[in-house]
Amino acid sequence: MGARRGSRVRAFAAKLRGFLSGHKRDNEFENEIQEHLQSLGEKFVAQGMSREEAAAAARRQFGNTTLLQEDRRELQTLPAIESLWQDLRFAVRVLRKSPGFTTVAVLTLALGIGANTAIFSLVNGVLLRPLPYRNPDRLAIVWEKSRDGSRDNVGYATYLDWKAQNKSFEQLAIYSSWQPVLQVGEPEQLNGLRVTSNYFRTLGIHPEIGRDFLPEEDSPNTNKVVMLSHSLWQRKFSSDPHIVGKTIDMNATQYIVAGVLPASYQSLMTQDPRGGAVEIWRVLGYDVSQPWACRTCHHLVAIGRLRNGVSIAQANTEMDTISAALTKAYPKEYDDAGVILTPIREQLLGPASTPLYLLLGAVSFVLLVACANLANLLLARATNREREVAVRTALGATRARVIRQLLVENCLLSLLGAAAGLIPAQWLPKVLAVIGASDLPRLDQVRLDWRVLFFTIGIALLTVIVATLAPSYRLSKTELHDCLQEGARSSGNVVGGRLRGLLIVSEVALSLTLLISAGLLLRSLNRLLQVSPGFDPANVLSMQTSVLGQRFNDNQAVRQYFSSAVERLRALPGVQAAAAASQIPLAGNIDRYGFHAEGKIHANPEEDPSAERYCITPGFLETMRIPLLRGRDISPADTATAPQVLLISETTARRMWPGEDPIGKRVKVGDMDKPWWTVVGITGDVHHVGLDAQPDMQMYVPHQQWAFPDGLMIFVIRTAGKPAAISSAAQQAIHSIDPTQPISRIAALANYVGLSVQDRRFALILIGAFAVIALALSLVGIYGVTAYSVAQRTREIGIRAALGAQRPELFGLLLRQGMLQVLYGVVAGVLASVAFTRFLASLLFDVQPTDPLTFAGVVLLLVTVAAAACLIPARRAMRVDPLVALRYE
Amino acid sequence: MDAKKSEVLQGTLDLMILKTLQTLGPLHGFGIARRIEQVSRDVLQLNEGTVYTSLLRLQQQGWIAAEWGTSENNRKAKFYSITKRGLKQLELETENWERISGVIGRVLRLEEEK
């Protein structure tokens, strides 16, 4: 057998050589034959024939030279490839001959493939690309478990015990957010992290230039060293190659640059989703003796690299044991025994993955509709080409050859469609920037790469195979004899018609599902935007500032600075009210303190509830238009020496003192050793986390009375006109007190409200766009099918009209078929929606996934436009003169 | 059918060409055709074009090799010669042929004796 395989391989090699050398071989062979004929002729002449006779005799004796060339080609070249090339050239000719069909088909494909490629490149960039760490699947965030099962940050002392006692982690590091002001050029507030010295070793990142942090640097009172991101190094230090070892001014302190991270590393760790990328890292430099290193000082995030062979579950079990022992040793410091381990991928990308996979699912519906539409187009075309196919079959083409020709033609179409479909994917990042999807991590890494190209070509070919199935089936039923008869009616009408009906039904069903999803999202967003945030965001400008410099080591100086800044802002023309607060709602700030109400304090105060803390200057409620329900507001009289007072929100009052009057009650905030605060007023609730979240407990304390007055404050300025107009005047006013203080995050409050719903808006815009595309494709399909069937029945209509049928009757006759398919599609679509919309539940707000109003509205819309699509060709048929119709064909 | 008949013929033709090249050494297509004509003495009616189909097939199997050269009357011509593998194949085919023709001969004689 080996020998035979060997000879087959040799034959193939010869064929390949022959195929590649092509015409040269043809000529050589022709020469050889001509030589032979000539020699033969000469021989006959020598035997006494005339030249003509000899030539004829030679040809006779030699045989058919054309056939011989064919034999040679068969033997020496690859006929499959040659005929494929023929098919391809034929396909190009055919497609160019019907530009209308080609354009519609390519557009359909481009829409389907383009939408899918765009969403896939999004999924690819955000979710599928590897994380920028060494073996990212070994990294996990370690949380303390709260009593209610939620995740909590850790205190430094806890971290030290975890680190010393665990055997599961190769490295365990912690970080917390840090927003230093870089005083190089214009003072700029940066987004940074304070990290333990082993942080980069834990992640597996090496500095591009310079060195990593050293363990001995990780303590108080040593050199303060920082690591720069590649982007910061470029932006602020013009890529200075000698930056390592130099000092830079930050927060009125000098820091030494230890190194610069590679450009490929973009930090994904940030506690504030609106803060932008982290660009600077500083050694944590904690010591267990510091007051902020306590076990209950939950402000650090722990990240660990698991040892090889240790699973997340094993590590979790071990950490639970350690945590239980700690809880036993310090019962007052822990809320609950236990830890939660979250794999880094889930932590960073988990929140983004649900909506993205939802979008991927939705966009696949668009592809299916495009497939159905293309199949429909091809089917209609196949009917017109029946005779062509019949002729080819009669001339000896096999059925396989005919189908292959179709496939080649359609592959060409789909590759054209795929090429056009790559365009939206190219534009996608820009489009997304416009519609605002900046909440997605790694959005800047969305681009075309080989994975996206592979995906695009894959779905393009898949589309073709699916779309070619129907017409191939149709054509394989073609009866030769019937087709070749002059003036014959199309024979396979029944099969074709049924197939196309089915395609229309599925197109309608798919579009309806998308439309209903979009409708539900639209209603949700509407409902959400109707939710009152608890304050009036219109015409309020916010800007953040923080104090830095030696002179602000004095608490009174900090208080004085902010109160005079507020005074200056109030004095500006066009300003109605101004105030400052440690945090503002919907801006992504998180600041909570334990709320220990007198008489309701647990044996372990850690078990007491916590409330969002707003450290405010007088006038905050007025500026924000947060209603004061009872009692009094904070006033300038509540100074550092006056009795400590605070305001609580409605929810706080209801939860802490149900059925009681909270005014005059006393509370300890955070620290149990500090003096009591007295409740003097009750405010309305504010949506702090998001419009879709129930307001939690909130309290307002005077900046003048807080023991360590906040140095990072946000000004809120209510203006008469557009808030942006006051921006530069406001900055000047603040700088007129102290020009060295940085101002950042200048934004209208309304922007923050918009940002808080942007993920929903993002999903709505995309799914809405898919629904519109699908609907448009379906309408083209419905129109096409109705127009076709009307054209087929022109003669029938003429006869009916001649026999006295009335117009409305005929109209009904023509509409019935199309609308029946639409109605079947609607039924299927409603059923599919009931099955699928529950996956949207996480994106819905105050709307049931089966909201009857949305369903009814969307069905009505679809039926109306579908009826219009049927109506147009039907009306055209009505206008036909019966005589003309009878002579048709 | 047609194909089968020509296949038998082609097989025989292949064998004849190999034998011719073994006996006479390198030869062009015209020469091979003349030699077969001469040997068969009009018993075999043959389209000389089929010689070339046969030559192509033999080349593909690597049993003969081709080289451009100059013919007796100073024309450019392709000369074919038998290869080592061709010689082996010829030996094999000859044996085969003799065995089969022997068997057929015996069968035919038996039929006559009956």
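Refer to the structure printed above.
Predicted model only: the values in this text are computed from it and were never measured.

1. Structural notes on the pairing of strand β13 (residues 339–343) of chain A
Residue and element names in this part refer to chain A. Where burial is concerned, most of β13 is hidden: four out of the five residues are buried. By the bridge criterion, five bridges tie strand β1 (residues 139–145) to β13 in an arrangement that is antiparallel. In the strand pairing of β13, Val142 is matched with Leu341.

2. Side note on the interface of chain B and chain A
In this complex, chain B contributes 22 residues to the contact, which on the side of chain A involves 23 residues. Buried surface at the junction of chain B and chain A, both sides included, amounts to about 2100 Å², of which 51% is carbon and sulfur. Looking at the side of chain B facing chain A, the largest losses of area belong to B:Tyr52, B:Gln60 and B:Arg75, adding up to 33% of the total buried there. Summed over the shared surface of chain B and chain A, the result is one salt bridge. Here chain B and chain A share seven residue pairs in polar contact (both at pLDDT 80 or more) between them. With seven residues, the top contributor of residues to the side of chain B that touches chain A is helix α3 (residues 49–61) of chain B.

3. Quick word on helix α10 (residues 312–329) of chain A
The terminal C-alpha atoms of α10(A) lie 26 Å apart, and with 18 residues this matches the ideal 26 Å at 1.5 Å per residue to within 8%. Residues of α10(A) that are buried: A:Ala315, A:Asn316, A:Glu318, A:Met319, A:Ile322, A:Ser323, A:Leu326 and A:Thr327.

4. A word on the packing of aromatic side chains
Counted by the stated rule, this structure contains 21 aromatic pairs over all chains. Aromatic pair A:Phe365 and A:Phe836: ring centres 5.6 Å apart, planes at 80°, arrangement edge-to-face. Of this pair, A:Phe365 sits in helix α11 (residues 344–384) while A:Phe836 sits in helix α24 (residues 807–836); the two residues are 471 residues apart in sequence, bridging distant segments of the chain. Judged by its relative accessible area of 15%, A:Phe365 falls in the buried class. With a centroid separation of 5.4 Å and an interplanar angle of 65°, the aromatic rings of A:Phe552 and A:Tyr561 are classed as edge-to-face. Ring-pair connections join several aromatic residues into one group, and the members of that group are A:Tyr175, A:Tyr199, A:Phe200, A:Phe213 and A:Trp281. Above the plane of the ring of A:Phe839 lies A:Arg838, whose end atom (NZ or CZ) is 5.1 Å from the centre. For the cation-ring pair, B:Arg34 lies above B:Phe30, with the distance from its terminal atom to the ring centre recorded as 4.7 Å.

About the thresholds
Residues numbered from 1 in each chain as written. Chains lettered and ligands numbered in written order. Predicted model: local features only at pLDDT ≥ 70, side-chain atom pairs only at ≥ 80, totals over all residues. Heavy atoms only, no water. Buried < 20%, exposed > 50% of the residue type's maximum accessible area, 1.4 Å probe, protein only. Helix = DSSP H or I, 4+ residues; strand = E, 2+ residues; numbered from the N terminus. Pairing = 2+ DSSP bridges. Contact = heavy atoms within 4.5 Å. Buried area = accessible area lost by both parts, 1.4 Å probe. Salt bridge = Lys/Arg side-chain N within 4 Å of Asp/Glu carboxyl O. Polar contact = N/O pair within 3.5 Å; in protein donor to acceptor, adjacent residues only side chain to side chain. Expected span 1.5 Å × (residues − 1). Phe/Tyr/Trp six-rings, centres within 6.5 Å; stacked < 30°, edge-to-face > 60°. Lys NZ or Arg CZ within 6 Å of the ring centre and 35° of its normal.

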